[in-house]
Each structure stands twice: as C-alpha cells, then as structure tokens.
Amino acid sequence: MQLMKNVRLRLGEPPAGSIYNGLGRQQATLWTYRHRRSKSYDSRTMTERKSSDPIVEGQDLAVEEIAPKLKRPSLYRVILLNDDYTPMEFVVEILESVFAMERNRATRVMLEVHTKGRGICGVFTYEIAETKVAQVMGIAEQQQHPLLCTMEES
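This report concerns the structure included in the present document.

Basis of the calculations
- Residues numbered from 1 in each chain as written.
- Predicted model: local features only at pLDDT ≥ 70, side-chain atom pairs only at ≥ 80, totals over all residues.
- Heavy atoms only, no water.
- Helix = DSSP H or I, 4+ residues; strand = E, 2+ residues; numbered from the N terminus.
- Buried < 20%, exposed > 50% of the residue type's maximum accessible area, 1.4 Å probe, protein only.
- Contact = heavy atoms within 4.5 Å.
- Areas by Shrake-Rupley, 256 points an atom, 1.4 Å probe, with all protein chains shown as cover.
- Phe/Tyr/Trp six-rings, centres within 6.5 Å; stacked < 30°, edge-to-face > 60°.
- Disulfide = S-S within 2.5 Å.
- Pairing = 2+ DSSP bridges.
- Axes fitted to C-alpha atoms, helices over the stretch in contact; angles between N-to-C directions.
- Parallel < 35°, antiparallel > 145°, perpendicular 65-115°, else oblique.
- Left-handed = near helix turned anticlockwise from the far one by under 90°.
- Nonpolar A, V, L, I, M, F, W, Y, C, P; charged D, E, K, R; others polar.

1. A short note on the overall build of the protein chain
Point 1. Check the secondary structure of the protein chain and you find four helices and three strands.
Point 2. Moving toward the C terminus, one meets the helices and strands of the protein chain in the order α-β-α-α-β-α-β.
Point 3. When burial is assessed residue by residue, the protein chain has 28% of its 154 residues classed as buried.
Point 4. Considering only residue pairs separated by 6 or more positions, the protein chain has 65% of its internal contacts joining residues 24 or more positions apart.
Point 5. Accessible surface for the protein chain amounts to roughly 11,200 Å². Of this, 51% is attributable to carbon and sulfur atoms.

2. Brief notes about the packing of aromatic side chains
Point 1. If you walk through the whole model with that rule in mind, you get two aromatic pairs.
Point 2. Where Tyr76 meets Tyr126, the ring centres are 5.2 Å apart and the plane angle is 70 degrees; that geometry is what we call edge-to-face. Here the residue Tyr76 occupies a position in strand S1 (residues 75-81), and Tyr126 occupies one in helix H4 (residues 126-142), the gap between them amounting to 50 residues.
Point 3. Residue classification places Tyr76 among the buried residues on the basis of a relative accessible area of 17%.
Point 4. Look at Tyr126 and you get partly exposed, because its relative accessible area is 35%.

3. Concerning the state of the cysteines
Point 1. Inspection of the entire model under this criterion finds zero disulfides.
Point 2. Between Cys121, a free cysteine, and Cys149, which holds the nearest cysteine sulfur, the sulfur-to-sulfur gap is 5.5 Å.
Point 3. Accessibility expressed as a relative area gives 6% for Cys149, which makes it buried.

4. A word on the sheet that holds S1
Point 1. Strand order in the open sheet formed by three strands is S2-S1-S3, with antiparallel pairing between adjacent strands. If you trace the sheet from one side to the other, it starts and ends with strand S2 (118-125) and strand S3 (148-153), each paired once. Taking the axes of each pair of neighbouring strands and ignoring which way they run, one obtains an average angle of 25 degrees across the sheet.
Point 2. Summarising the sheet, S1 and S2 pair through seven bridges and their orientation is antiparallel. Residue pairing across strands places Leu80 opposite Gly119, the latter belonging to S2.
Point 3. Contacts from H4 reach S1, S2 and S3 within the one sheet, and its direction differs from that of S3 by about 170 degrees.

5. Here we look at the packing of helix H2 (residues 88-98) against H4
Point 1. For the pair H2 and H4, interaxial distance at closest approach is 11 Å and the crossing angle is 140 degrees. Between H2 and H4, the crossing angle belongs to the class labelled oblique. Taken as a pair, H2 and H4 cross one another with a handedness that is right-handed. Here Phe90, Ile94 and Val98 of H2 lie close against H4, whose contacting residues are Lys132, Gln135, Val136, Ile139 and Ala140.
Point 2. Split by residue class, the contact of H2 with H4 holds six nonpolar, one polar and one charged.

So, in structure tokens, the structure goes:
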C-alpha cells in the first residue's frame, strides 16, 4: 500500500467531530489507508482539508526540494615571467615536471617567455593554479634561480 507524506496515521481513538465518527479503530485505520491517496487531510483532526484552507504550523506537508544551481568555478592562468638570469633549460624542465608538458610544447612556451616577457603555462581553478605557482617558486628558490611565476584570472 502506498503512503503519502502529507498524512500522519494516528493510533488511538479518532477525535470527536472527525470523519471517523462511528468507526472503530481498526475500521478507521483501514478507511485511512484506502482513502488517503486521493485526498489531503489535516494531521491533527484527520479531517479532509480543502485546497483553499490556509496552511497551519504542525500540519504534514509534502515538500518538493529544489535542486541547487551550480556555478562553474573561475579559471586562472598560470604565467611565467622572463628574467635575464634563469637558464632556458631550467625553465623547460619546470614546464615538463610541474605542468606535464611535452618537450616540444615546453620549448615553445619557454621561447615565448624569452621573447615576449611572459608565457602562459596553463589555465586552472584557483586552488590548482595557486599550488602550481607555489611549486614553481619553491623549485626555483631551491635551485637559486630568480624565476617568477604568477597567476591571473582568465
């Protein structure tokens, strides 16, 4: 048998003045199971509720949940900045290890950094971009190179 969410079954005697008048508890229970599918009832008195009746606190209601609207995360570009002291081979190694680039692509990005002053290493969400910048800066500092890496919103 199908139970609806907007009706609560009461055990015990039916309240006075309700639709159960004159029925015993077992008969009232059977009546409730048979008729609750098509009608809406007041949970306190188990009387039929009209659609025009105001909703009162304490009544059982069927609630429809609304799916949350999801927003795509903002994307950030990770950018390497040119300096005159960091070796080109070191920049290629950084691009291969941190950004998982192939040798040819890493060389192209390194030449872009060398000629234009800056090169885009990739586009990531904020947390990933921040982690990549920290990795590049950590490796450059460890190897005592003044390589700079930043991120900016796309």
